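# Structural features, examined
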Amino acid sequence: MIKRAKQRDCQMAFFPECFDYIGRNRDETIALGIEEDGQYINQFREVAREHRIWLSLGGFHNKDPSKNCLPFNTYLVLDENGETRSRYDKLHLFNLDLPGRIRLMESEFSTAGTDLVLPVDTPIGKLGTAICYDVRFPELSLWQRYKGAQILSYPAAFTVNTGLAHWETLLRARAIETQCYVVAAAQTGKHNEKRSSYGHSMVVDPWGAVIAQCSETVDMCFAEISLDYLDEVRALQPVLDHRRSDLYSLIANERSESKESVQFGPNTISSDTIFYRSGKSFAFVNLKPVKAGHVLVAPIREVKRLAELTDPETADLFITVTKIQRLLESYYKAEASTVTVQDGPDAGQTVPHVHVHVIPRTPGDFRDNEIYTVLEGHEDVRKPRTEEEMKTEADNYRNFLNR
Ligand code: AMP
């Protein structure tokens, strides 16, 4: 099929969800799981190299032996050298239980992804990656559009019933509201006694017109992406500029891979001691912790008081705080945390840059729960830790988070 695509001068080929296999039951689905750098995916890397074509491979059952969890439903974008340019783990798992009719619980054999993934540059345009059921969540596609997407892709294995009712409507709606091309490669036909897929792989243009479609007898369809046409549609109806973001907003907690140091008031926090970054916040280890696990989460933008943050910054900060709290409670096997902000000097704030203290708590760790007194005075009484000590702690959290 890739060869045929290349003969038609295609620059990129899209495969459907479960292009690796569709298991007959939960156990088989888990047991057959493959690895991102294993033999099966590497064959696609070779073919991409041989034919000088980009490949959209998603999602497959991605078993990571270093992680003690069910496989991720992973979508890889490979370039013409077979190198991975983007990896996305499906965020919304498909769980449908209609007693007596259909039961498909993806969460029983897959682990949900945890991160938004930025659109990736490809020879056909900037591509936003999502998988199947994700198509029902327009916040995701709108966020991708805000991040520059020109094409949205939804490889799928839609059930027949939901496909009949919603497939084309959902794809066209996503194309119209984001003014992106939508490419949706889909499984089709009967896979086993219990499972069939709706099919109808299609490509929709930014005006909402279906410009290519497969059928039971046509196994591949071809489409031309015109970014000039996309710009024309966007100029004609600039809906993005007409959004009332003063009344509603799209707040997303994006993960950042930056390695830069960040200013924390007058202090420069080195990237070595930062163990998590979102789009607008960062989490770092403390110079003078009141106990093991006492870390700080702060907005990247330097502001003194909580109320100076924008709504998206406030949302991002506290979404990050809860993530870090979960991490620490799990790391320290704690069942409670103190989460606190000393907002202004009279409240005990010593560093004039908003920060949230996150401290995992265990029974009896502070006599009479005197944590607030300790917190207020700890800067004067405690000795600063060494850079090495702080770096090791941040490394430990980073590894734990990745696991
Ligand atoms: P607050 O008293 O609420 O303003 O808390 C300030 C916190 O920042 C204290 O927990 C300090 O230990 C911590 N801190 C101050 N300077 C640094 C630094 N350079 N790196 C990491 N933590 C710091």
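Computed from a predicted model, the values in this text were never measured in an experiment. (Residues numbered from 1 in each chain as written. Predicted model: local features only at pLDDT ≥ 70, side-chain atom pairs only at ≥ 80, totals over all residues. Heavy atoms only, no water.)

## A short note on the packing of helix α4 (residues 138-146) against helix α5 (residues 160-178)
Following both chains from N to C, one finds α4 and α5 inclined at 35°, their axes separated by 10 Å at the closest point. The way α4 lies across α5 gives a crossing that is right-handed. Across the interface between the two elements, Pro138, Ser141, Leu142 and Arg145 of α4 pack against Arg174, Glu177 and Thr178 of α5. (Axes fitted to C-alpha atoms, helices over the stretch in contact; angles between N-to-C directions. Helix = DSSP H or I, 4+ residues; strand = E, 2+ residues; numbered from the N terminus. Left-handed = near helix turned anticlockwise from the far one by under 90°. Contact = heavy atoms within 4.5 Å.)

## Some remarks on the sheet that holds strand β9 (residues 151-153)
The strands that make up a sheet pair up through hydrogen bonds in the backbone, lying either parallel or antiparallel. One open sheet accounts for six strands, arranged β7-β8-β9-β10-β13-β14; its pairing is mixed. Sheet topology places β7 (120-122) and β14 (210-213) at the edges, where each strand pairs with a single neighbour. Geometrically, the sheet is characterised by an average inter-axis angle of 25° between neighbouring strands, direction not taken into account. Judged from the three bridges that link them, strand β13 (residues 202-204) and β14 form a sheet pairing that is antiparallel. The residue bridging Val204 from the neighbouring strand is Val210, located in β14. (Pairing = 2+ DSSP bridges.)

## A closer look at the UniProt feature "binding site: substrate" (unreviewed entry) in the protein
Per the UniProt entry, the sites bearing "binding site: substrate" (unreviewed entry) are Asn286, Gln342, Gly348, Gln349, Thr350, Val351 and His357 in this numbering. Tracing the chain through its elements places Asn286 in the loop between β18 (281-285) and β19 (295-299). Ignoring anything within four residues of it in the chain, the contact list for Asn286 reads His294, Leu296, Arg385 and Met390. Looking at Asn286, its side chain comes within polar contact range of the main-chain nitrogen of Lys288, at 2.9 Å. By the element assignment, Val351 lies in the loop between β20 (336-340) and β21 (356-361). Owing to a relative accessible area of 12%, Val351 belongs among the buried residues under this scheme. In contact with Val351, not counting residues within four places along its chain, are Phe264, Gly265, Pro266 and Asn267. (UniProt positions renumbered as here; feature names shortened; annotations may be inferred. Polar contact = N/O pair within 3.5 Å; in protein donor to acceptor, adjacent residues only side chain to side chain. Buried < 20%, exposed > 50% of the residue type's maximum accessible area, 1.4 Å probe, protein only.)

## What to know about the sheet that holds strand β3 (residues 72-78)
On the basis of which strands lie adjacent, the open sheet formed by four strands has the order β1-β2-β3-β4 and mixed pairing. Because the sheet does not close on itself, it has two edges, and the strands there are β1 (12-14) and β4 (84-89). When strand polarity is set aside, the average angle formed by the axes of neighbouring strands in this sheet is 20°. Pairing of strand β2 (residues 54-62) with β3, which is carried by seven bridges, proceeds in the antiparallel orientation. By the bridge assignment, His61 is partnered in β3 with Asn73.

## Topic: the packing of aromatic side chains
Scanning the entire structure with this criterion turns up 16 aromatic pairs. The interplanar angle of 85° and the centroid separation of 5.2 Å between the aromatic rings of Tyr133 and Phe137 together place this pair among those described as edge-to-face. An aromatic cluster is present here, built from Phe15, Phe19, Tyr40, Phe44 and Phe60 joined pairwise through their rings. The ring of Phe72 has Arg87 lying over it, and the distance from NZ or CZ to the ring centre is 5.9 Å. (Phe/Tyr/Trp six-rings, centres within 6.5 Å; stacked < 30°, edge-to-face > 60°. Lys NZ or Arg CZ within 6 Å of the ring centre and 35° of its normal.)

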